[in-house]
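# Per-entry structural report
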Amino acid sequence: MAIEVRAATVFNDVKTMVGPKRPDANVCWCLSYRIPSKENIALRGQDRGELVQRLCRQEPPPGVLAYEGDEVVGWAAVHPRGDTGFARNRKIPHVDDIEVWSVWCLRVRPGHRGKGISHRLLAGAVEFAREHGAPAIEGYPVDNKGKKVDLTMAYVGTRKLFERAGFTKAADTDSVLNGFPRILMRLELH
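In this report, the structure presented in the accompanying data block is examined. (Residues numbered from 1 in each chain as written. Predicted model: local features only at pLDDT ≥ 70, side-chain atom pairs only at ≥ 80, totals over all residues. Heavy atoms only, no water.)

### Comments concerning the packing of aromatic side chains
Under the counting rule described, the total for this entry stands at six aromatic pairs. Measuring from centroid to centroid gives 6.0 Å for Trp101 and Phe128, while their planes differ by 75 degrees, and the two rings are edge-to-face. In this pair, Trp101 is assigned in strand S4 (residues 101–108) and Phe128 in helix H4 (residues 117–131), connecting sequence segments 27 residues apart. Phe128 shares its class with Trp101; the two are buried. The aromatic ring of Tyr67 is capped on one face by Arg6, whose charged end is 3.9 Å from the ring centroid. (Phe/Tyr/Trp six-rings, centres within 6.5 Å; stacked < 30°, edge-to-face > 60°. Helix = DSSP H or I, 4+ residues; strand = E, 2+ residues; numbered from the N terminus. Buried < 20%, exposed > 50% of the residue type's maximum accessible area, 1.4 Å probe, protein only. Lys NZ or Arg CZ within 6 Å of the ring centre and 35° of its normal.)

Right under this line is the structure:
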């Protein structure tokens, strides 16, 4: 079945992809880079999901979702860098002053991996940013040189995934994840 990528406006589908099993849990909800660190730490339990529900109603919504038929199977967080933690992140450099967008989380549901969904998600995130006027889009994947990345840390993507989508390395970073250096990959959109 074909994979379709759409804007993340359906809260229940975002919840399926990044929400906790227990509504009172203090898990990511893909907010750790989306909102300032102090707010992320202070936001507890159900308030986290309520914020994501509000974000799904905003323009632009907080990312894109991949669907196989009517079933949600993937998530990608994508937003203007200036409205994310990457605007102030000391480990991930700014290449220049253009109002670039960031894609920082790619997640595919268990049982659906190995079907190329992460490639479709990244392509959908690029198209989403382009449709919203982004001049360029960045990602901060690991440069794992083909070595296995722990699935819990694979959410940032790999250099190879970004290269296949047309991104090129724009800078090294001081960030390391799962023992691998993260690099700044960029794709110009104009």
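### Quick word on the state of the cysteines
On inspection of all chains with the given rule, the structure shows zero disulfides. Take Cys28: it sits in no disulfide, and the sulfur closest to it among the cysteines is that of Cys30, at 5.2 Å. For Cys28, a relative accessible area of 37% puts it in the partly exposed group. With no disulfide partner, Cys56 has as its closest neighbouring cysteine sulfur the one in Cys30, 11 Å distant. With a relative accessible area of 4%, Cys56 lands in the buried category. (Disulfide = S-S within 2.5 Å.)

### Things to note about the pattern of salt bridges
Enumeration according to the criterion identifies 13 salt bridges in this entry. A salt bridge links Lys115 to Glu68; the shortest N-O distance between them is 3.3 Å. In this pair, Lys115 is assigned in the loop between S4 and H4 and Glu68 in strand S2 (residues 63–68), connecting sequence segments 47 residues apart. Here Lys115 falls in the partly exposed class, since its relative accessible area comes to 45%. Salt bridges here are not isolated pairs; linked through shared partners, they connect Arg81, Asp96, Glu138, Arg186 and Glu188. (Salt bridge = Lys/Arg side-chain N within 4 Å of Asp/Glu carboxyl O.)

### Focus: the sheet that holds S4
The sheet built from seven strands is open, its strands ordered S1-S2-S3-S4-S5-S7-S6 with mixed pairing. Two strands lie at the open edges of the sheet, namely strand S1 (3–7) and strand S6 (168–177), each paired on one side alone. Mean inter-strand twist for the sheet, computed between neighbouring axes without regard to direction, equals 25 degrees. Note: strand S3 (residues 71–80) against S4, seven bridges, orientation antiparallel. Within S4, the residue paired with Ala76 across the bridge is Leu106. Sitting on the sheet, helix H1 (residues 11–18) touches S2, S3 and S4, and the angle it makes with S3 is about 95 degrees. The sheet contacts of H4 involve S1, S2, S3, S4, strand S5 (136–139) and strand S7 (180–188), and relative to S4 the element is tilted by about 150 degrees. (Pairing = 2+ DSSP bridges. Axes fitted to C-alpha atoms, helices over the stretch in contact; angles between N-to-C directions. Contact = heavy atoms within 4.5 Å.)

### So, unusual backbone geometry
Of note, the bond from Glu59 into Pro60 is cis; its omega dihedral lies within 30 degrees of zero at 0 degrees. Note that Pro60 resides in the loop between helix H3 (46–57) and S2. One non-glycine residue with positive phi stands out, namely Cys30, at about 60 degrees. Locating Cys30 in the fold gives a position in the loop between H1 and helix H2 (37–42). Backbone geometry at Lys145 places phi at a positive 50 degrees, although glycine is not the residue there. Along the chain, Lys145 turns up in the loop between S5 and helix H5 (159–164).

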